[in-house]
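Residues per chain are reported as follows:
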Amino acid sequence: MSILRDPLIPMVALVTDIRTDTPDVKTFRVVGLDGKKPMEHIPGQCAMLSMPGVGEALFSITSSPTNADYLEFSIKKCGCVTNWLHAIEPGQQVTLRGPYGNGFPVDTDFVGKDLLFIAGGIGLAPLRSVINYVRHHRGRYGSVDIVYGARSKEDLVDYDEILQQWCREDGVTVHLTIDNPQPDWDGHVGFVPNYVKELAFDTGKTVVMCGPPVMIKFTLAGLEELGFRRDQVYTTFELKMKCALGKCGRCNIGDKYVCKDGPVFRLDQMAQLPDEY
Amino acid sequence: MKTWKLSELDSLFAAIAAAQKLYIPADAAGQPAFTLWTPGLSMTKALNTGRSAKDLFFPQVENLVNFKVSGRRIQVEPGREEVEDFVIFGVRACDCRSFDILDSVFLSDPVDTFYADRRSHATVMTLACSEPEETCFCTSLGIDPQAPAGDVSCWAMEDTLYLEANTEKGQALLSSLPQLGQGEKPQTDASVFHRLPLKDLDFSVFGEKPLMDWFNSPVWDSLSQSCLGCGSCTFVCPTCQCYDVEDFDGGATIRRFRCWDSCMYSDFTMMAHGTNRPTQKERFRQRFMHKLVYHPNNHAGQIGCVGCGRCLQKCPISMNIVKVAKALKEGKA
């Protein structure tokens, strides 16, 4: 019906599986009503999920585009829409629209580069899409290092996939860390920014970073100390959005709209923009 | 040029309204407003309406879509209002320019079909100004109040309304009014506009320095200090276009609607983990940076202000874009 065709009007989609990742993060598997993947995307792009009557919010698509069957969203329980999502069961319908944003330059700037992924907490969600895309097209990229930290072992998102797949793959090195020691953890303990400095990575790498603003800030400072330039560092932002189309007027950082010009930015671009994120 | 007797304006309105809906600026409850014409309704004597003409393309509240939810199932149902052809008469040059600015936002990819629908169904008849208010400064923004754009431009001079079509749509409208006369419009007198106190504002400076120079200006603290965050300025502004999307659960049907929002409000950018514009200073700065720097940066230098002066009249603490632009330029408040 033509009168339904507006970018603000969502489609109906189905949640087919819900995985509990951590005490406050669940990963939702979503397909269209025809059972197929509802949209194609670029790693780093986002989509609007909603439940009518509850609200609509933007989430990064955590599954890789190379996954042909469904989309996945890893979502932390922290507000109105996410509380509702955490209470549902498979078989629940939701609405979906997108994909939105620019995504990471996986087929251009990243090609041939040694990649260093740095994530904190739920910040792994958008990077998982890139990591699995890079793993799928392994020959196109150089070495892959992944530094991932969370408050505790239980707060590491996608822990099983990390252990079973990422850690066992040639050319992929995973560096996990948690904030405080705990009995069943023999890995690194400490905050992500310090760990990155300790690991003293080769400065030829391209960095892909996502996490809480405070982690981004201190990690960037550490990277610069190691000799990295800002134009080697990519990150992805998240601000309040209503339309995701560059029109509702609230997700801008200076003259850039996170929904449309981002969410992925290279950090040298951010130097020309206000610190309002 | 086509003509009509001003004393018989009512019959012109009747002729237009015979074919499509007609909105004219009329005295309504509290303040002049664009009002659906019905027999007997006459034009306001006021220069302009309290709220701008943007309401007719971007209404304050508008239904987007409806949902029906049963158990775990969701049904999407059409919820948008069908738009019919309509005419707006008496739009001033400033408000007419605001449509260009709104077009830059809503008609850029991806097109907002709700706005586009109304734009394509509308015929805009503008009305030239001859007696501006002291708060008018459209000429500072390159607008000629005596030569307004629109589908049809009109001039009310002495006892005659002169009408000139600028577009095919305007031509079609005038052709549908066979009783129009023919005449030459007398010369307009611009002298009153040259005496306006705000005629010499300079908005060109904002493109001359990097965004961060304006953002980091020392003037924001003092300018924003007394801002109440009431949002009156955004409410009356013809170019403010920020909106909210909300759901109303009416039981059987859930309506998803959008409504005007304001960057001046504390919850505008509030997220589950907090807001990135925590004080009124950031919110105030956002509004003026958007009009003077961000919007022009994204739209070929187009300033997000039309000089209508409504915010000068309505702000309860007498803060406005004129004071902000002057202070920014001088670097002191």
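Residues numbered from 1 in each chain as written. Chains lettered and ligands numbered in written order. Predicted model: local features only at pLDDT ≥ 70, side-chain atom pairs only at ≥ 80, totals over all residues.

A. Just the pairing of strand β6 (residues 86-91) of chain B, in detail. All names here are of chain B. Of all six residues making up β6, five are buried, and the element is well covered by its neighbours. Alignment of strand β2 (residues 21-27) against β6, held across three bridges, turns out to be parallel. Paired with L22 across the strands is V87, a residue of β6. Bridge analysis of β6 against strand β7 (residues 122-127) gives five bridges, and the strand direction is parallel. (Buried ≥ 20, exposed ≤ 12 C-beta atoms within 10 Å, placed from the backbone. Helix = DSSP H or I, 4+ residues; strand = E, 2+ residues; numbered from the N terminus. Pairing = 2+ DSSP bridges.)

B. How the structure looks around the environment of K332(B). Mapped onto the fold, K332(B) is located in the segment after α11 (321-330). Separated by 113 residues in sequence, K332(B) and V219(B) have C-alpha atoms that sit 5.5 Å apart.

C. Up close: the interface of chain A and chain B. If you look at the interface, chain A gives 36 residues, while chain B gives 43 residues. Elements that contribute at least two residues to the side of chain A that touches chain B include exactly β4 (55-60) and β6 (93-100) of chain A. Considered class by class, the residues forming the side of chain A that touches chain B number 16 nonpolar, 11 polar and nine charged. (Contact = placed C-beta atoms within 7 Å. Nonpolar A, V, L, I, M, F, W, Y, C, P; charged D, E, K, R; others polar.)

D. Representation of the pairing of strand β9 (residues 172-178) of chain A within the structure. Residue and element names in this part refer to chain A. Strand direction decides the pairing type here: strand β8 (residues 144-150) and β9, joined by seven bridges, are parallel. Bridged to A150 within β9 is I178. With helix α3 (residues 159-164) bridging β8 and the parallel β9, this β-α-β connection has right-handed handedness. Judged from the two bridges that link them, β9 and strand β10 (residues 188-189) form a sheet pairing that is parallel. If you follow T177 over to β10, its bridge partner there is H188. (Right-handed = clockwise from strand over helix to strand, strands pointing away.)

E. Highlighting the sheet that holds strand β3 (residues 46-51) of chain A. All names here are of chain A. The sheet built from six strands is open, its strands ordered β4-β3-β6-β1-β2-β5 with antiparallel pairing. Each edge of the open sheet carries a strand with a single partner, namely β4 and β5 (71-76). Between one strand axis and the next, the sheet turns through 40° on average, direction left out of account. Pairing geometry for strand β1 (residues 11-22) and strand β2 (residues 25-32), over eight bridges, is antiparallel. Within β2, the residue paired with R19 across the bridge is T27. Packing of helix α1 (residues 80-87) onto the sheet brings it into contact with β2, β3, β4 and β5, and relative to β4 it is tilted by some 80°. (Axes fitted to C-alpha atoms, helices over the stretch in contact; angles between N-to-C directions.)

F. Spatial organisation of the domain arrangement of chain A. Residue and element names in this part refer to chain A. According to the domain assignment, chain A consists of domain 1 (2-100) and domain 2 (115-236). In this structure, domain 1 and domain 2 have C-alpha centres spaced 25 Å apart. The interface of domain 1 with domain 2 comprises 15 residues on the first partner and 14 residues on the second. Those elements giving two or more residues to the side of domain 1 that touches domain 2 turn out to be β1 and β5. Of the residues assigned to the side of domain 1 that touches domain 2, the class counts are five nonpolar, eight polar and two charged. (Domains from an automatic or database assignment.)

G. Just the packing of helix α4 (residues 192-199) of chain A against helix α5 (residues 213-226) of chain A, in detail. Residue and element names in this part refer to chain A. For the pair α4 and α5, the least separation of the axes is 8 Å and the interaxial angle reads 15°. In terms of their interaxial angle, α4 and α5 are classed as roughly parallel. Relative to α5, α4 is oriented so that their crossing is right-handed. The residues of α5 that touch α4, namely those facing V192, P193, V196 and K197, are M215, F218, T219, G222, L223, E225 and L226. Looking at the contact of α4 with α5 residue by residue, the classes come out as seven nonpolar, two polar and two charged. (Parallel < 35°, antiparallel > 145°, perpendicular 65-115°, else oblique. Left-handed = near helix turned anticlockwise from the far one by under 90°.)

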